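Notes for the structure review
Chain residues, written in single-letter form:
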Number of protein chains: 2
Amino acid sequence: MTAPGLPMRFPAPGLPARVTIHEVGPRDGLQNEKTTVPTPVKAEFVHRLAAAGLTTVEATSFVHPSWVPQLADAEELYPLLGDLPGVRLPVLVPNEKGLERAVELGVRSIAVFGSATETFARRNLNRTVDESLAMFEPVVSRAKADGIRVRGYLSMCFGDPWEGPVPLEQVVRVARRLRDLGCDELSLGDTIGTATPGHVRALLDRLGEEGVPDSVLAVHFHDTYGQALANTLAALEHGVTTVDASAGGLGGCPYARSATGNLATEDLVWMLHGLGIETGVDLGLLAATSLWMAEKLGRPSPSRTVRALSPKE
Amino acid sequence: MTAPGLPMRFPAPGLPARVTIHEVGPRDGLQNEKTTVPTPVKAEFVHRLAAAGLTTVEATSFVHPSWVPQLADAEELYPLLGDLPGVRLPVLVPNEKGLERAVELGVRSIAVFGSATETFARRNLNRTVDESLAMFEPVVSRAKADGIRVRGYLSMCFGDPWEGPVPLEQVVRVARRLRDLGCDELSLGDTIGTATPGHVRALLDRLGEEGVPDSVLAVHFHDTYGQALANTLAALEHGVTTVDASAGGLGGCPYARSATGNLATEDLVWMLHGLGIETGVDLGLLAATSLWMAEKLGRPSPSRTVRALSPKE
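Residues numbered from 1 in each chain as written. Chains lettered and ligands numbered in written order. Predicted model: local features only at pLDDT ≥ 70, side-chain atom pairs only at ≥ 80, totals over all residues. Heavy atoms only, no water.

**Some details on the overall build of chain A**
Cut-off, in case you're wondering: Secondary structure is summarised from DSSP: a helix means a run of H or I of at least four residues, a strand means a run of E of at least two, and numbering begins at the N terminus for each. Atoms counted for the radius of gyration: C-alpha only. Globule rule: 2.2 Å times the number of residues to the power 0.38. Working definition: with a 1.4 Å probe on protein chains only, accessible area under 20% of the residue-type maximum means buried, over 50% means exposed, and in between means partly exposed. Contacts between residues were defined by any pair of non-hydrogen atoms, one from each residue, lying within 4.5 Å. The protein chains shown are the only cover counted for residues, whose accessible areas, like all others here, come from Shrake-Rupley with a 1.4 Å probe. Charged residues are defined narrowly, with Lys and Arg counted positive, Asp and Glu counted negative, and His plus the chain ends left uncounted. A single reference atom marks each charge: NZ on Lys, CZ on Arg, CG on Asp, CD on Glu.
Broken down by element type, chain A carries twelve helices and eleven strands. The C-alpha atoms of chain A give 18 Å as radius of gyration, which agrees with the globular expectation for 313 residues (20 Å, within 12%). Principal-axis analysis of the C-alpha atoms gives chain A an extent of 50 × 45 × 40 Å. The buried share among the 313 residues of chain A stands at 63%. Considering only intrachain contacts with a sequence separation of at least 6, the fraction spanning at least 24 residues in chain A is 77%. On chain A, roughly 11000 Å² of surface is accessible, and the fraction owed to carbon and sulfur atoms is 52%. Side-chain charges of chain A comprise 29 positive and 37 negative groups, with the mean position of each set lying 2 Å from the other.

**Some thoughts on the packing of helix 10 (residues 265–274) of chain B against helix 11 (residues 283–297) of chain B**
Residues and elements named next belong to chain B. Rules: Here the axes come from fitting lines to C-alpha atoms, over the contacting stretch only for helices, and the angles between their N-to-C directions go from 0 to 180 degrees. For classification purposes, an angle smaller than 35 degrees is called roughly parallel, one larger than 145 roughly antiparallel, one from 65 to 115 roughly perpendicular, and anything else oblique. Crossing handedness is defined as follows: a turn of the near helix away from the far one that is anticlockwise and smaller than a right angle gives a left-handed crossing, while the clockwise case is right-handed.
Between helix 10 and helix 11, the least distance of the axes is 10 Å, while the angle of their chain directions is 165 degrees. Classified by the angle between their axes, helix 10 and helix 11 sit roughly antiparallel to one another. Relative to helix 11, helix 10 is oriented so that their crossing is left-handed. Residues Thr 265, Glu 266, Val 269 and Trp 270 of helix 10 lie in contact with helix 11, whose contacting residues are Leu 283, Leu 286, Ala 287 and Ser 290.

**Looking at the side chain of Asn 231 of chain A**
Residue and element names in this part refer to chain A. Structurally, Asn 231 can be placed in helix 9 (residues 228–238). Judged by its relative accessible area of 0%, Asn 231 falls in the buried class. When neighbours within four sequence positions are excluded, Asn 231 is seen to be in contact with Asp 190, Ala 195, Thr 196, Pro 197, Val 200 and Phe 221.

**As for the pattern of salt bridges**
Residue and element names in this part refer to chain A. Counted only if it meets this: The salt bridge definition used is simple: a Lys or Arg side-chain nitrogen within 4 Å of an Asp or Glu carboxyl oxygen.
If you walk through the whole model with that rule in mind, you get 43 salt bridges over all chains. Across the pair Arg 18 and Glu 278 runs a salt bridge, and its minimum N-O distance is 3.1 Å. In this pair, Arg 18 sits in the segment before strand 1 (20–23) while Glu 278 sits in the loop between helix 10 (265–274) and helix 11 (283–297), placing the two residues 260 residues apart along the sequence. By relative accessible area, Arg 18 is classed as partly exposed at 40%. Where salt bridges share partners, they join Arg 149, Arg 151, Glu 185 and Asp 244 into one cluster.

**Some words on the nonpolar core**
Which entries qualify depends on this criterion: Note on terminology: a nonpolar core comprises buried Ala, Val, Leu, Ile, Met, Phe, Trp, Tyr and Cys residues joined through side-chain atoms within 4.5 Å.
If you look at the biggest cluster of nonpolar residues, it comprises 213 residues, and the most contacted ones within it are Ile 110 of chain A together with Ile 110 of chain B. Setting aside anything within four residues of it in sequence, one finds Ile 110 of chain B in contact with Val 91, Val 93, Leu 99, Val 139, Ala 143, Ile 148, Arg 149, Val 150 and Arg 151 of chain B.

**Side note on the state of the cysteines**
Note the following rule: Counting rule for disulfides: a pair of cysteine sulfur atoms within 2.5 Å.
Within the structure shown, the criterion is met by zero disulfides over all chains. Cysteine Cys 157 of chain A shares no disulfide, and the gap to the nearest cysteine sulfur, in Cys 183 of chain A, comes to 13 Å.

**A few points about the confidence of the model for chain A**
Low-confidence regions, as indicated by low pLDDT, have predicted coordinates that should not be scrutinised in detail. Residue and element names in this part refer to chain A. For clarity, the cut-off: A residue's pLDDT is the predictor's confidence in that residue, given on a scale from 0 to 100.
For chain A, mean pLDDT is 93; residues scoring 70 or higher make up 95% of the total. Low pLDDT, under 50, characterises residues 255–259; the stretch is placed with 17 contacts to residues that sit more than four places away or in other chains. What the predictor reports for the complex is a pTM of 0.96 with an ipTM of 0.95.

**Regarding helix 2 (residues 39–51) of chain A**
All names here are of chain A. Test applied: By definition here, a helix of n residues has an expected span of 1.5 Å times n minus one.
Taking 1.5 Å of rise per residue, 13 residues should cover 18 Å, and helix 2 covers 18 Å from first to last C-alpha, within 8% of that figure. All buried positions along helix 2 are accounted for by Thr 39, Val 41, Lys 42, Ala 43, Phe 45, Val 46, Leu 49 and Ala 50. Residues of helix 2 that are buried in the fold lie against strand 1, helix 1 (25–31), strand 2 (56–57), helix 3 (74–81) and helix 11. A positive backbone phi angle near 105 degrees is found at Gly 53, which sits one or two residues after helix 2.

**Description of the pairing of strand 10 (residues 217–221) of chain A**
All names here are of chain A. Which entries qualify depends on this criterion: Pairs of strands are assigned from DSSP output, requiring at least two bridges between the strands. Note on handedness: a crossover is taken as right-handed if, strands pointing away from the viewer, the path from the first strand over the helix to the second is clockwise.
In terms of residue burial, strand 10 counts as a mostly covered element, since five of its five residues are buried. Of the two faces of strand 10, the one lined by Leu 217, Val 219 and Phe 221 and the one lined by Ala 218 and His 220 are each fully buried. Inspection of the sheet shows strand 9 (residues 185–190) paired to strand 10 by five bridges, in the parallel sense. Of the residues in strand 10, the one forming a bridge with Ser 187 is Ala 218. Each parallel crossover has a hand, and for strand 9 linked through helix 8 (residues 197–209) to strand 10 it is right-handed.

**Notes on unusual backbone geometry**
All names here are of chain B. Despite not being glycine, Asn 126 has its phi angle at roughly 60 degrees, a positive value. According to the relative accessible area criterion, Asn 126 is exposed, its value standing at 57%. With a phi close to 55 degrees, Met 156 is a non-glycine residue in the positive phi region. Relative to the assigned elements, Met 156 resides in the loop between strand 6 (149–155) and strand 7 (159–160). The exposure class assigned to Met 156 is buried, which follows from its relative accessible area of 3%.

**Considering helix 3 of chain A**
All names here are of chain A. Rules: Regarding the arc, it is the one traced by the directions from the helix axis to the C-beta atoms.
Listed as buried for helix 3 are Ala 74, Leu 77, Tyr 78 and Leu 81. Around the axis of helix 3, the buried residues are gathered within 100 degrees of arc, so they sit on the same side. The secondary structure elements touched by the buried residues of helix 3 are helix 2, strand 3 (60–61) and strand 4 (91–92).

**A few points about the packing of aromatic side chains**
Residue and element names in this part refer to chain A. Rules: Classification of ring pairs rests on two measures: the distance between centres of Phe, Tyr or Trp rings, Trp counted by its six-membered ring, which must be within 6.5 Å, and the angle between planes, read as stacked under 30 degrees, edge-to-face over 60 and tilted in between.
Counted under the stated rule, the structure contains eight aromatic pairs over all chains. With a centroid separation of 5.5 Å and 45 degrees between ring planes, the pair formed by Phe 113 and Tyr 153 is classed as tilted. Here Tyr 153 lies in strand 6 (residues 149–155) and Phe 113 lies in strand 5 (residues 109–115), a separation of 40 residues in the sequence. Residue Phe 113 is classed as partly exposed on the basis of its relative accessible area, which comes to 22%. Ring centres 6.2 Å apart and planes at 45 degrees place the aromatic pair Phe 158 and Phe 221 in the tilted group. Here Phe 158 is found in the loop between strand 6 and strand 7 (159–160), whereas its partner Phe 221 is found in strand 10, with 63 residues between them in sequence.

Shown next, in the form of structure tokens:
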């Protein structure tokens, strides 16, 4: 590892002392990779991420296997993860059937996947936004009755590839509905990566005014236009303390002409540690894990920090 | 081009209304590319950048041809650029000999290239920091007497690959000296890309306290650890209004394990326009120029925005 003593720590005023990283690599990352990873390798990946200090690792998805073949082994994988003290292992569930499968395996934290736009709801869930909320209602209700923590993903919060700019009020409406259903946390997704820092602030302002404060929010930025980390800084300055990221930038291909990948966890950790913000993460262990996974996938990591920290050829 | 109507414009408080982009692609970018570009292509590149609305385009370098073979054609290139109304075409000059060659060709804007650290001064200039300042003194003095605008680059302002973290006071000392020599503008370089936003603020604070205000500063961030745009946001919030960037991220290889490239101009423009900050740049024309240059170089652009805006295969 290069650059000893770096990044230098320079706390900046108005930022949180600690940030929770919601690691999405094993689920959102691997789901979007072409290579299907063997189940024991996935289990080792989750274990290594936990050993690197990540306290929330989204492990897999209990959707129908034909929808997401890369995660078709959810029922084999989850029992391999075992009990990791102090680590949450949420799983994505699309409906009551998925929740039942997850509950039987002892899952204590789930996520549902909603959309702020009609076109994406139709294309991703084959439902209107209201129909998808109706589908989530019994899932969230039963999960909450069982004491299970529920995260609600809200995709297309800024731009939509079919609808263009997404009005703030449209996002606020769906966010309010997901909170009313009982979601403990909402993750605001910039699914096509078009957001800029002022847009992030404007949305967080409106959500706060409508009773959805930063304390129940997470941000989920994509680096399609290189904006993810600048947007994260704006969200932290606003008061958000939970940030989604994907180890090694998993899910975005470094060679694609349109790289739609998640923010890389290592790039995020570099900034947070530079700002003196605690994450509990050991950056060296994390980058080593991402290098190991990049080898399994047979291609370099899209994370700039992972590439910079990797042993030179 | 995709994403019509995007980015949405959301001005944020405390940011400048207008930012000057100091485009370094033809000099700093091409200097670090493996492929040597024919002189007429370089001239067309500069013309296309100016047509895209960039008002400062660093054109080439009058160093000894054996030092930087990619820019050995400076004397052939400069006359081909002609007079571009409203566009500054600074060139790098290392010493009095370089200045003489530039002045003979009618250059009206130059840059000298200094270092904040002894190790880099020694390796890059084969001099101590003080010896390099002594070398610049007659260059700046003669240029100023001729009414030529002078920019001073200050590299390794945050981290140094040999020395590690660079103390703020060391940067302040060299910056003060360059200002005292008569440099109109100083460009603070994060040459190895390790800076984070709090570090940027701390350095700008110290410089301001020592009589080097934001109004005479530019920032020059590298994206080695993915921090360039977040650092730029911090600098803009502080009051800096000149930002260095390289069209298409030129100078950084998207395939390198350690991508040491400049901030891509397109990624910068996307953020600035999203923030409602004027740049005068037409993003579509700029991205088309970078795609054209990427074809000349025979490899994809490292700019995420260029890739996202490029026609899909």
